[in-house]
Amino acid sequence: MSVTVSRPAGPRSTGLAAILGAVLALAVAACSTSSGPSGSPGAEPTAAGPSAAPESTLTVYSGRSEELVGDLFAQFEEASGIDVQVRYGDTAELAATILEEGDNSPADVFFGQDAGALGALQAAGRLAPLPQATLDRVDAAYRSTEGVWVGTSGRARVLAYNTDRVQEADLPTSVFDLTDPAWKGRIGWVPTNGSFQSFITAMRQLAGEERTREWLEGMLANEPRVYEGNGAAVEAVASGEVDAALVNHYYILEAQEEAGESLPLANHFFANGDPGSLVNVAGAGIVQGADHPNAALAFVDYLLSEAGQQYFAEAEWEYPLAAGVEPDARLIPLDEIPRPEIDLADLADLEGTLRLLQEVGVI
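## Let's talk about unusual backbone geometry
In step 1: Backbone geometry at Asn272 places phi at a positive 55°, although glycine is not the residue there.
In step 2: Tracing the backbone shows Asn272 in the loop between β9 (265-268) and β10 (279-286).
In step 3: Notably, Trp317 is not glycine yet its phi reads approximately 60°, a positive angle.
In step 4: By the element assignment, Trp317 lies in the loop between α11 (306-315) and β11 (319-320).

Printed below as a string of structure tokens:
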């Protein structure tokens, strides 16, 4: 397996940065010039399918870090005999790179940390349709409405809290309740994190720009503690530095794996389709005009196979999305999460979220 690291990356992506403006701008430009598989402008894309045996090589642009998925690529190589060349980097930057490269992109597969970047590539016409059999392995809520990408694992937004300091009965029913003065100085958050920014994008979609702005201003008035990563935020909750933090669901499992299950930590899900209970996905799509479409489809199908889904469930404590594999027993079932109904491709509008966060003074 050949590996190219385009930039340093931690175990969990820490932000999408200003490159998202370039992603969206390039997406608009690409929509007017995108080519079909024959290279002719405006040609309709064709569904990737196993019309021949998979090619012997495959190039993947991975927004998921090597620390997280390097072993998964190795497993796929061993199972398939396909040599995988991986370019690791920030999800949004890699999406922007594919848009810049256009029909000359060497990428066969885009493996993204976040549905927003997948949505940007979808909007630009840079992903090829997937076979219906591949799409049908995942619930419609966690795949492209246009059939060009599929979620490979899910992560839920939660309020991780210290069970020694907060009674379950005192937990808020909505993320909007965290602006109550009773929570002043008690909450941690990670506003530079990509998952946090996707959550804010979802809030903008669900509750509107003004209510989101008011919530951010109310949170700032409550003086939240700012952390550089979700892991650090959860450590602060466990130590009692803060009583609770807005993070992804798996961070308390990660902390308990390292320090023991006796840590006073639990996840709280907000009720009734609240934006604070957003379920986002990592996902994959085959790049339009890929040189190795059959190997690309073999890889996407492997991610949805029992082996691939068990990897996400057991190594990362994420939610498997394909039927037949259960999440970690400590997690509530995915279908019991009171998540909001939202087209995950709409999370592509992260440029507006970054602008709002900057205007309010959160970042």
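## Quick word on helix α2 (residues 66-80)
In step 1: When the terminal C-alpha atoms of α2 are compared, their 19 Å separation across 15 residues agrees well with the 21 Å that a helix rising 1.5 Å per residue should span.
In step 2: Every buried residue of α2 is listed here: Leu68, Val69, Gly70, Leu72, Phe73, Phe76 and Glu77.
In step 3: Buried residues in α2 make contact with β2 (57-62), β3 (83-88), β4 (109-112), α10 (293-303) and α11.
In step 4: Looking one or two residues beyond α2, the residue adopting positive phi is Gly81, at roughly 80°.

## Section: the side chain of Thr91
In step 1: Locating Thr91 in the fold gives a position in helix α3 (residues 91-101).
In step 2: Taking the relative accessible area as the measure of exposure, Thr91 reaches 1% and is therefore buried.
In step 3: With residues up to four places along the chain from it excluded, the contact list for Thr91 reads Gly63, Phe110, Gly112, Gln113, Asp114 and Ala117.

## With respect to helix α8 (residues 230-239)
In step 1: Residues of α8 that are buried include every one of Asn230, Ala233, Val234, Ala236 and Val237, and no others. The buried residues of α8 occupy an angular sector of 155° when projected down its axis, which confines them to one face. Opposite its buried face, α8 presents the exposed residues Glu235 and Ser239, each directed more than 90 degrees away.

## Some points on the packing of aromatic side chains
In step 1: On inspection of all chains with the given rule, the structure shows 12 aromatic pairs.
In step 2: With a centroid separation of 6.2 Å and an interplanar angle of 65°, the aromatic rings of Trp189 and Trp215 are classed as edge-to-face. Separated by 26 residues along the polypeptide, Trp189 in strand β6 (residues 187-189) and Trp215 in helix α7 (residues 209-221) bring together distant segments of the chain. The same class applies to Trp189 as to Trp215, namely buried.
In step 3: Both rings, one in Phe196 and one in Phe199, keep their centres 5.6 Å apart while their planes meet at 70°; by these two values the pair is edge-to-face. Within this pair, Phe196 and its partner Phe199 are both found in helix α6 (residues 194-207), separated by three residues, close to a single helical turn.

## Quick word on the pairing of strand β8 (residues 244-248)
In step 1: Burial of β8 is extensive: five of the five residues sit out of reach of the surface.
In step 2: As paired strands, strand β5 (residues 150-162) and β8 are joined by five bridges and run antiparallel to one another. Directly across from Ala160, in β8, lies its bridge partner Ala245.
In step 3: In this sheet, β8 lies alongside β6 in parallel orientation, the contact comprising two bridges. Bridged to Ile187 within β8 is Ala244.

Quick notes on the rules
- Residues numbered from 1 in each chain as written.
- Predicted model: local features only at pLDDT ≥ 70, side-chain atom pairs only at ≥ 80, totals over all residues.
- Heavy atoms only, no water.
- Helix = DSSP H or I, 4+ residues; strand = E, 2+ residues; numbered from the N terminus.
- Expected span 1.5 Å × (residues − 1).
- Buried < 20%, exposed > 50% of the residue type's maximum accessible area, 1.4 Å probe, protein only.
- Contact = heavy atoms within 4.5 Å.
- Arc of directions from axis to C-beta.
- Phe/Tyr/Trp six-rings, centres within 6.5 Å; stacked < 30°, edge-to-face > 60°.
- Pairing = 2+ DSSP bridges.

The analysis is restricted to geometry; functional conclusions fall outside its scope.
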